[in-house]
Amino acid sequence: MKIIAIVSAKGGVGKTTVTATLSTALRYRGHRVFTADLDPQNALRFHFGISPQEIKGISRASLAGQPWAETCCQSPSGVVVLPYGSVNESDRESFENLLDEQPTWLRSQLDTLGLDDEDIVLLDTPPGPSVYMRQALTTASVVVIVTLPDAASYATLPMMEGLVQTYCTRRPNFSSYSYVINQVDNSRQLAKDVVQVMNANFGDRIIGLIHQDPSVSEALAYDKSVLDYDVRCQATQDFVNCAERLSGLIQYAGHPL
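Because the structure is a prediction, the values reported are computed rather than measured.

(A) Main features of the packing of aromatic side chains. Here the structure, examined in full by the defined rule, presents 8 aromatic pairs. Members of the aromatic cluster, joined through ring pairs, are Trp68, Tyr84, Phe95, Trp105 and Tyr132. One cation-aromatic arrangement involves Arg205 over Tyr177; the distance from NZ or CZ to the ring centre is 4.0 Å.

(B) Expanded view of the side chain of Asp119. With respect to the helices, strands and loops of the structure, Asp119 is situated in the loop between α4 (105–111) and β5 (120–124). Within the local environment of Asp119, its side chain forms a polar contact with the side chain of Arg32, the two groups lying 2.8 Å apart. A polar atom in the side chain of Asp119 sits 2.8 Å from the backbone nitrogen of Asp116. Excluding residues that lie within four positions of it along the chain, Asp119 makes contacts with Met1, Lys2, Arg32 and Phe34.

(C) Seen up close, the environment of Ala235. Within the secondary structure layout, Ala235 lies in helix α10 (residues 234–249). The exposure class assigned to Ala235 is buried, which follows from its relative accessible area of 0%. The sequence separation of Ala235 and Ala219 amounts to 16 residues, and the corresponding C-alpha distance is 11 Å. Leave out the neighbours within four places in its chain, and Ala235 touches His211, Asp213, Val216 and Val226.

Scoring rules and cut-offs
- Residues numbered from 1 in each chain as written.
- Predicted model: local features only at pLDDT ≥ 70, side-chain atom pairs only at ≥ 80, totals over all residues.
- Heavy atoms only, no water.
- Phe/Tyr/Trp six-rings, centres within 6.5 Å; stacked < 30°, edge-to-face > 60°.
- Lys NZ or Arg CZ within 6 Å of the ring centre and 35° of its normal.
- Helix = DSSP H or I, 4+ residues; strand = E, 2+ residues; numbered from the N terminus.
- Polar contact = N/O pair within 3.5 Å; in protein donor to acceptor, adjacent residues only side chain to side chain.
- Contact = heavy atoms within 4.5 Å.
- Buried < 20%, exposed > 50% of the residue type's maximum accessible area, 1.4 Å probe, protein only.

Following this line, the structure appears as structure tokens:
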């Protein structure tokens with residue numbers, strides 16, 4: 001399986017939206033796609049139209065010793081979604097202790113799903129260092145760092161690169177990491193300046209530039225992906241282009257560059 005961790009050092013960059021939309025875009029390109037929510041906010045499910053009353057998820061299943069396959073939800077787009085699940089504070093702490101004590105927990109759980117070599121798994125994670133991000137980074141063959149074109153987000157990139165260096169680059173089955181710049185507003189000079197600096201510093205590692213587009217938030221209000229909500233809008237075209245770059249990148253996932 002190809003495992004892609006979607007990460008950021010800073011909150012509020014639209015990481016969950018990027019995870020959900022890229023999952024759908026990859027599905028529409030013909031891939032079989034699974035997406036797992038490792039963020040206690042449990043928000044990924046809303047991007048796939050899963051009922052707010054649904055409480056099942058990987059946290060509850062893991063604490064109960066139940067198979068992950070029983071937590072899977074089939075979205076209308078065909079993406080298989082594994083929500084985080086609704087847990088109380090005590091259970092969340094117990095779940096995080098479990099992850100802390102078992103460094104290979106995530107990989108072993110994914111192996112129970114019976115996925116084949118061409119299946120794609122996208123992992124959504126909470127911002128900043130955490131036991132969830134550590135599990136994702138130690139399992140992923142490709143890492144996508146999501147950032148905004150502003151000074152605060154740019155300043156956090158060295159931290160994120162440091163985490164990738166610590167948990168990923170020395171593993172023989174790790175392929176590469178890349179960047180997606182989200183919510184780009186070309187009417188703002190600062191945004192254009194940051195994009196220019198990132199292009200100069202990271203070049204081909206930037207696989208996606210997603211323009212700020214009201215259709216993205218409107219689509220979520222209707223429990224839809226922007227790909228289904230407005231096929232002609234700028235954000236849809238940006239995500240399609242990004243998925244194409246990512247699809248090419250993961251051909252080498254599992255093989256060191």
